[in-house]
Amino acid sequence: MLFGILKEQDQRVSVTPELAKKFISEGHEVIYEKGAGESAFISDELYEGIGAKSKSREEVLSSSNVLITLDPLSKEDVAKLAEGTFLFSSFQPFQDASICEVYATKGISAFSFDMIPRTTIAQSMDILSSMASISGYKAVLKATDYLPRYMPMLSTAAGTVPPSKVLVMGAGVAGLQAIATAKRLGAQVEAFDTRAAAKEEVMSLGAKFVEVEGATDDTSAGGYAVEQTEEYKKRQAELIAQKVEKADVVITTAQLRGRPAPTLVTEEAVKTMKAGSVIVDLASSTGGNCALTKDKEVVRAHGVTIIGNSNLAADISEQASVLYSKNIQNYMKLFLTKEGFDFDFNDEIILQSCIVYKGDVVYGNEEKQKQLVPPAKVEESVEA
Ligand code: NAD
C-alpha cells in the first residue's frame, strides 16, 4: 500500500519518520508532501533517510491508498483522492454527523480516531488523551506567560510572595495534567468536576476538590460527563463565582461530548477577578466555558486576560507528533498486515472507529454496522 503524509494546518505532523519506517519495513511505501514535518522540527532529510519519497500535495492526495491526517480533509481535497482511499483522522462525527457524507464517495473508507472507545485496552491508541494531556500542561505555561505574578510562594529579601491560586474546571485528562503542572510550579490548586470519579484523582495530585452536591449519575455515559439539572447548575454557579473571585488563574476544560461546552464562568464572575488574572479556556472550540471567550483569540476583559485555545497541543509540535504517531502505530497493529488492511469488525475498537466503509456511511447506523460484522463461525458437528 502507498501511505501519504500531508502538511497539516497546524504545526504537527501525523506520521513521524519512525512510524513511516515501520510501514516501509512491513513492505509498504510512503510518500510525503514537501515540508510536511518542518513545523514539528522534522526535516525532509529524515523522511528521505528512511526511504520515503517527497511529492507535491496534489500527488500525495491523488496517488496514496492511505492518508493519515490530524484534521479531516476538505471537500476539495476529497475530490482529488483515488478510488477506495482509506482515510484516518479525527472527524468528530459526534459534533456534526453530516461530515460523514463528505467521505461517502468513490469507495472511500474513513476511520475516526476520536471514536475509539475509552477503554483500558485502547489507552495506547487514544489520541484524545495524549493531545489533551499536552494541552493541559501547556495551558498552565500559557497562563504564566500572561500572569503578572509568580506561581510559587517565594521568600525573598524584599518580602514574601504568596503563591498563585489556580482553579481548574473539569478534571478529565487535560484538567488533571493542568493540576499536576500547576502543583509542580508551586501554585495552590483547586479543581472540580461533575463526575464523581474525578474527586479521588484530583486529591491524589495534591489539589483540593471543590464539591457540589447532587450531580447527575454519569456511570452509564462511558466516562463522559452528562448534562446537569438546573438546580445543580445554580448551586455550581454560586460556588464557582466564589472560587473564581479568589483565583489568579482559571483553567477550564469542561466538555460535553457532542454538545456545546457548559458556560461555567459568567461575565459577572470575570468582573470580580483581580486585574491581571488569567483564564485559559481549552473548551473554546465548542463554545467555551467562559462567557467572554473568543475561540483562537486572546482577549482582555475587565482587566482579565482570556485565552481561547483548544489546540494548545500543536504548540508542543514535536512531542505531540511523536505521541500522535505512537497512538496510530498501536491502533494500526490491529489490522495492518504486509498485504494491506485486514479489518476484523468483531473488534469494537475497529467497528466503533469506522464511520464510512467503502463509500457507505456506517456512523450512527446500527444496521450497517451489523452488516460489517461477520457471522460467528459455527463449529461443524462431527458425526459419530
Ligand atoms: P472531556 O474532555 O470530555 O471533558 C473534560 C472534563 O470536563 C471531564 O472530566 C468532564 O467530566 C468535565 N465536565 C464536563 N462538564 C462539566 C461541568 N459542567 N462542570 C465541571 N466539569 C465538567 O473529558 P476527557 O478528559 O476526554 O475524559 C473523558 C472520560 O474518559 C473521563 O472519564 C476519563 O477518565 C475517561 N478516559 C478514559 C481513557 C481510557 O481508559 N482509554 C482515557 C482517557 C480518558
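For the structure itself, look to the data block above.
A. Looking closely at the overall build of the protein. When helices and strands are counted, the protein shows 13 helices and 17 strands. Taken over C-alpha atoms, the radius of gyration comes to 23 Å for the protein, in line with the 21 Å a tight globule of 384 residues would show. In terms of overall dimensions, the protein has a C-alpha envelope of 80 × 60 × 40 Å along the principal axes. When the 384 residues of the protein are sorted by exposure, 48% land in the buried category.

B. Helix 1 (residues 17-25), seen in detail. Inspection of helix 1 places Pro17, Leu19, Ala20 and Phe23 among the buried residues, and these make up the whole buried set. All buried residues of helix 1 lie within an arc of 160° about the axis, which places them on one face of the element. Contact partners of the buried residues in helix 1: strand 1 (2-5), strand 2 (29-33), helix 2 (44-49), strand 4 (66-68) and helix 11 (317-332). Positive phi shows up at Gly27, right after helix 1, with a value of about 95°.

C. Examining the pattern of salt bridges more closely. Applying the stated criterion across every chain, the model contains 21 salt bridges. Here Asp126 and Arg118 are joined by a salt bridge, their closest N and O atoms 2.9 Å apart. Between Glu190 and Lys208 there is a salt bridge whose closest N-O contact spans 3.5 Å. One end of the pair, Glu190, is in strand 10 (residues 188-192); the other, Lys208, is in strand 11 (residues 208-209), with 18 residues separating them in the sequence. Residues joined by salt bridges that share partners form a network here, namely Glu33, Arg57, Glu58, Asp77 and Lys80.

D. The sheet that holds strand 13 (residues 278-281), seen in detail. Pairing in this open sheet of seven strands is mixed, and the strands run 11-10-9-12-13-15-14 from one edge to the other. Among the strands making up the open sheet, the edge pair consists of strand 11 and strand 14 (297-301). Summarising the sheet, strand 13 and strand 15 (residues 304-308) pair through four bridges and their orientation is parallel. Residue pairing for strand 15: Asp281 is matched across the bridge by Gly308. Here helix 6 (residues 127-146) sits on the sheet and contacts strand 12 (249-252), strand 13, strand 14 and strand 15; the angle it forms with strand 13, its principal contact strand, is near 150°.

E. Quick peek at the sheet that holds strand 5 (residues 86-89). The mixed open sheet is built from eight strands, whose spatial order is 3-2-1-4-5-6-16-17. Two strands bound the open sheet, and with one partner strand each, they are strand 3 (53-55) and strand 17 (360-361). By the bridge criterion, four bridges tie strand 1 to strand 2 in an arrangement that is parallel. From the neighbouring strand, Gly4 faces strand 2, where its bridge partner is Ile31. Relative to strand 2, helix 1 is tilted by about 145°, and along the sheet it contacts strand 1, strand 2 and strand 4.

F. Layout of the pairing of strand 5. By the alternation rule, side chains of strand 5 split into Phe86 and Phe88 and Leu87 and Ser89, which are all buried. Sheet analysis places strand 4 next to strand 5, joined by three bridges and oriented parallel. Within strand 5, the position partnered with Ile68 by the bridge is Phe88.

G. View of the packing of aromatic side chains. Counted according to the given criterion, the structure contains 22 aromatic pairs. Summarising the aromatic geometry, the rings of Phe341 and Phe343 are spaced 5.4 Å apart at their centres and angled 45° between planes, so their arrangement reads as tilted. Taken as a pair, Phe341 and Phe343 share a single burial class, namely buried.

Thresholds, definitions, all that
Residues numbered from 1 in each chain as written. Predicted model: local features only at pLDDT ≥ 70, side-chain atom pairs only at ≥ 80, totals over all residues. Heavy atoms only, no water. Helix = DSSP H or I, 4+ residues; strand = E, 2+ residues; numbered from the N terminus. Rg over C-alpha atoms; globule rule 2.2 N^0.38 Å. Buried < 20%, exposed > 50% of the residue type's maximum accessible area, 1.4 Å probe, protein only. Arc of directions from axis to C-beta. Contact = heavy atoms within 4.5 Å. Salt bridge = Lys/Arg side-chain N within 4 Å of Asp/Glu carboxyl O. Pairing = 2+ DSSP bridges. Axes fitted to C-alpha atoms, helices over the stretch in contact; angles between N-to-C directions. Phe/Tyr/Trp six-rings, centres within 6.5 Å; stacked < 30°, edge-to-face > 60°.

That is the geometry; function is a separate question.
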